[in-house]
Number of protein chains: 2
Amino acid sequence: MSNSTLNIIKIGGNVIDDDIQLEAFLEKFAAIPGKKILVHGGGKIATRLGSRLGVEAKLVEGRRVTDKEMLDVVTMVYAGLTNKRIVASLQKYQCDAIGLSGADGNVIKSIKRPVKDIDYGYVGDILVDSVNVPAIKKFLEAGFTPVFSAITHNGNGQLLNTNADTIASALSTSLSGLYDVSLIYCFEKNGVLSDVLDDNSVIETIAMEQFENYKANGIISEGMIPKLQNAFDAINKGVKSVYIGNATNLHLFQQQKFGTRLIIK
Amino acid sequence: MSNSTLNIIKIGGNVIDDDIQLEAFLEKFAAIPGKKILVHGGGKIATRLGSRLGVEAKLVEGRRVTDKEMLDVVTMVYAGLTNKRIVASLQKYQCDAIGLSGADGNVIKSIKRPVKDIDYGYVGDILVDSVNVPAIKKFLEAGFTPVFSAITHNGNGQLLNTNADTIASALSTSLSGLYDVSLIYCFEKNGVLSDVLDDNSVIETIAMEQFENYKANGIISEGMIPKLQNAFDAINKGVKSVYIGNATNLHLFQQQKFGTRLIIK
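Predicted model only: the values in this text are computed from it and were never measured.

Novice: Would you take a moment to explain helix α2 (residues 19–31) of chain A for this structure?
Specialist: Since the α-helix packs 3.6 residues into each turn, any two residues three or four apart lie on the same face. Residues and elements named next belong to chain A. For α2, built from 13 residues, the straight-helix expectation of 18 Å at 1.5 Å per residue is met to within 8% by its first-to-last C-alpha distance of 19 Å. Among all positions in α2, only L22, F25, L26, F29 and A30 are buried. Seen from one end, α2 has its buried residues packed into an arc of 135 degrees, which puts them on one side. For α2, the exposed residues lying more than 90 degrees away from the buried face are I20 and A31. Elements that come into contact with the buried residues of α2 comprise β1 (5–11), α1 (14–17), β2 (35–40), α4 (68–92), β8 (145–148) and β11 (180–187). Here α2 starts with a cap whose side-chain oxygen sits 3.0 Å from the backbone nitrogen of I20, and that cap is D18.

Novice: Please clarify how the pattern of salt bridges should be interpreted in this entry.
Specialist: When charged atoms on two side chains of opposite charge get close, those side chains can pair. Residue and element names in this part refer to chain B. Following the criterion strictly, the structure yields 19 salt bridges over all chains and no others. K227 is the salt-bridge partner of D165, the closest N and O atoms lying 3.1 Å from each other. In this pair, D165 is assigned in helix α6 (residues 164–175) and K227 in helix α8 (residues 224–236), connecting sequence segments 62 residues apart. On the basis of relative accessibility, which here comes to 10%, the residue D165 falls in the buried class. The buried category is assigned to K227, whose relative accessible area is 14%.

Novice: When you look at the layout of surface pockets in this model, what are you seeing that I'm missing?
Specialist: Which parts of space are left empty comes out when a probe the size of a water molecule is rolled across the atoms. All names here are of chain A. Empty space within the second largest pocket amounts to approximately 1,300 Å³. Looking at the second largest pocket, it is lined by 38 residues, and the ones nearest its centre are K10, G62, R64, N163 and D165. Those elements that provide at least two residues to the lining of the second largest pocket are α1, β4 (63–65), α6 (164–175), β11 and α8 (224–236). Counting residues per element, the lining of the second largest pocket draws most heavily on α8, which supplies five residues. Class assignment for the residues of the lining of the second largest pocket results in eleven nonpolar, 16 polar and eleven charged.

Novice: For this particular structure, what's the right way to read the UniProt feature "binding site: substrate" (unreviewed entry) in chain A?
Specialist: Residues and elements named next belong to chain A. According to UniProt, the feature "binding site: substrate" (unreviewed entry) maps to G42, G43, R64 and N161 in the numbering used here. Over a stretch of 120 residues, the named residues converge on one spot in the fold, their C-alpha atoms separated by at most 13.6 Å. For the second largest pocket, the lining residues drawn from the annotated set are G42, G43, R64 and N161. Structurally, the position occupied by G42 is in the loop between β2 and α3 (45–52).

Novice: Before we go on, may I ask you to explain the packing of α6 of chain A against α8 of chain A in this structure?
Specialist: If you want to describe how two helices pack, look at the angle between their axes and the distance between the axes. Residues and elements named next belong to chain A. Direction vectors running N to C along α6 and α8 enclose 5 degrees, while the axes themselves pass 9 Å from each other. Considering their axes alone, α6 and α8 lie roughly parallel with respect to each other. Side by side, α6 and α8 meet where D165, T166, S169 and T173 of the first sit next to K227, N230 and A234 of the second. For the contact of α6 with α8, the residue count by class is one nonpolar, four polar and two charged.

Procedures and definitions
- Residues numbered from 1 in each chain as written.
- Chains lettered and ligands numbered in written order.
- Predicted model: local features only at pLDDT ≥ 70, side-chain atom pairs only at ≥ 80, totals over all residues.
- Heavy atoms only, no water.
- Helix = DSSP H or I, 4+ residues; strand = E, 2+ residues; numbered from the N terminus.
- Expected span 1.5 Å × (residues − 1).
- Buried < 20%, exposed > 50% of the residue type's maximum accessible area, 1.4 Å probe, protein only.
- Arc of directions from axis to C-beta.
- Contact = heavy atoms within 4.5 Å.
- Polar contact = N/O pair within 3.5 Å; in protein donor to acceptor, adjacent residues only side chain to side chain.
- Salt bridge = Lys/Arg side-chain N within 4 Å of Asp/Glu carboxyl O.
- 1 Å grid on protein atoms, 1.4 Å probe; cavity = no way out; pocket = protein on both sides within 12 Å on 5 of 7 lines; lining within 4 Å.
- Points joined across faces, edges and corners; volume = space filled by probe spheres on them.
- Nonpolar A, V, L, I, M, F, W, Y, C, P; charged D, E, K, R; others polar.
- UniProt positions renumbered as here; feature names shortened; annotations may be inferred.
- Axes fitted to C-alpha atoms, helices over the stretch in contact; angles between N-to-C directions.
- Parallel < 35°, antiparallel > 145°, perpendicular 65-115°, else oblique.

What follows is the structure, given as C-alpha cells:
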C-alpha cells in the first residue's frame with residue numbers, strides 16, 4: 001500500500017507583504033485536496049514594525065541577526081499577526097488550519113546557533129531529530145492543516161527565530177517516512193530563471209548535477225542558492241518532489257505545470 | 001461512569017506582566033495532573049506596545065475599544081508574544097501545551113459586537129454555540145494542553161479581540177457536557193475580599209444570593225462584578241465549581257485551599 005500524499009507549501013517574500021496577493025494565494029492553497037502543511041516567512045512587516053519601535057534589523061552576510069528585542073518583534077509578527085491572519089483566512093475558505101510555532105505541541109525543537117565568527121543571537125538551527133513527527137501526524141490525521149510560522153523553541157523555554165525555508169525542508173524530510181511528500185516553494189517569481197531579468201525564462205527541471213553547473217556559471221543567483229540547496233537536501237533525504245514557482249500560479253500545481261521541478265538526475 | 005475532570009484556568013492581570021511571577025505560575029500550572037486548559041489575557045504589554053507605536057488604548061465605560069491598529073497590536077501581543085512565551089515555558093515543564101487563537105482549528109467563533117451606543121470596533125462576542133467542542137476534545141484527548149489567547153475570529157477571515165474571562169467561562173460551560181469542569185480564575189489577589197484594603201479578608205465561599213447582597217452593599221467592587229457574573233453564569237450552565245484566587249497559590253488548588261469558591265447556594 002502506498003503512503004498518502006502530503007503537500008508542504010512554503011510561502012514567503014513579497015506575497016506575505018501584499019494583502020491581495022496573499023488572499024488569492026490562500027484561496028488556492030485551501031483548494032488543494034488532501035493533507036497539506038503551510039510554512040510561512042514573515043515578509044517585511046517585522047522589519048517595518050522593528051523600525052517603528054527603534055529596533056533595527058541587523059544583517060550579517062545576508063542573514064538576520066536576532067537580538068532579544070528583535071526576537072520579540074518576529075515572535076509578535078510571525079507567530080502572532082501573520083500566522084493568525086493566515087489561519088483566519090484559511091478558515092474562511094473551509095480549510096481547517098491550525099497555526100503553530102515550534103513550541104506548540106513541541107513540534108519543532110531547535111538549538112541556538114553556536115557562535116563561531118558571528119553570533120546570530122536568538123536564531124535556532126534545526127537538527128536531524130528536530131521535527132516531532134508523531135505530534136504533527138496527530139494534527140494531520142485529525143484533519144487539521146498545520147500552518148507553521150518561522151519561530152521554534154529549544155525545549156528549555158527559549159523561543160528562537162528560524163529560517164522558514166529550512167523549516168519547510170526539515171518538515172518534508174522528516175515526514176517523508178510516513179507520507180509521499182511534495183515540497184513546494186512559492187515566491188514572487190515564476191520559478192528558477194535562467195535570466196533573472198526575464199520572468200519567462202523558467203528552467204522547467206533542474207537535476208542536481210545541473211545545479212552545480214548553474215552555480216559555477218553564476219546563472220543561479222546568490223539569494224536562490226540556499227533555497228535550492230535546501231531543496232536538493234530534501235530530495236536526497238526521501239522527499240518525492242520539490243517545486244519552486246510563483247504563488248499566483250499555485251492552482252497550476254495539480255496540473256504539474258508549476259514553476260521549476262527539482263529532480264535528482 | 002463519571003466524566004473525567006477538566007480544569008480550566010484563567011490567568012490575567014499583573015501576573016502576565018511580571019516574568020518571575022508568570023514563570024512560577026506556569027510551573028505550578030504544569031504540575032496539575034490530568035486534562036487542563038489555560039486561558040490568558042494580555043496584561044499591559046499590549047498597551048505599552050501600542051503607546052510606543054502611537055496607537056493609544058481607548059476605554060469606554062471600562063471596556064477597551066479596538067480599532068484596526070489596536071487589533072493588530074493585541075493580535076501580535078496576545079496570540080504572538082505572550083501566547084508563545086507561555087507555551088515555550090510550559091514545554092520546559094513537560095506540559096505539552098499548544099497555543100490557540102479562536103481561529104486555530106476554528107475553536108472559537110465569535111461575532112463582531114453589534115453597535116448600539118458604543119462601537120467597540122473589532123471586538124468579538126461569544127455566542128452559545130461559539131465553542132467548537134469536538135475540535136477542543138480532539139486536542140485534549142490527544143494529550144495536548146490548549147492555551148487560549150483572547151483573540152477569536154468570525155469565520156469569515158476577521159480576527160476579533162475578546163474578553164479572556166468570557167472565553168474561560170464559555171469554554172467551561174461548553175465543555176461541561178463532556179467533562180467535570182472546574183473553572184479557576186487566577187489573578188493578583190487572594191480571592192474575593194470583604195475589605196479591598198485587606199488581602200487576608202478572603203471570602204471562602206459565595207453563594208449566588210450572597211453575591212447579589214454583596215453587590216447591593218458595595219462590598220464587591222466594580223472591576224470584580226463582571227468576573228463574578230461570568231463565574232455564576234458558568235455554574236448555572238453546568239460547570240461543577242468555580243474558584244477565584246491568587247496565581248501564586250495555585251499549588252493549593254488541589255488541596256481545596258485556593259481562594260474563593262463560588263457555589264449556587
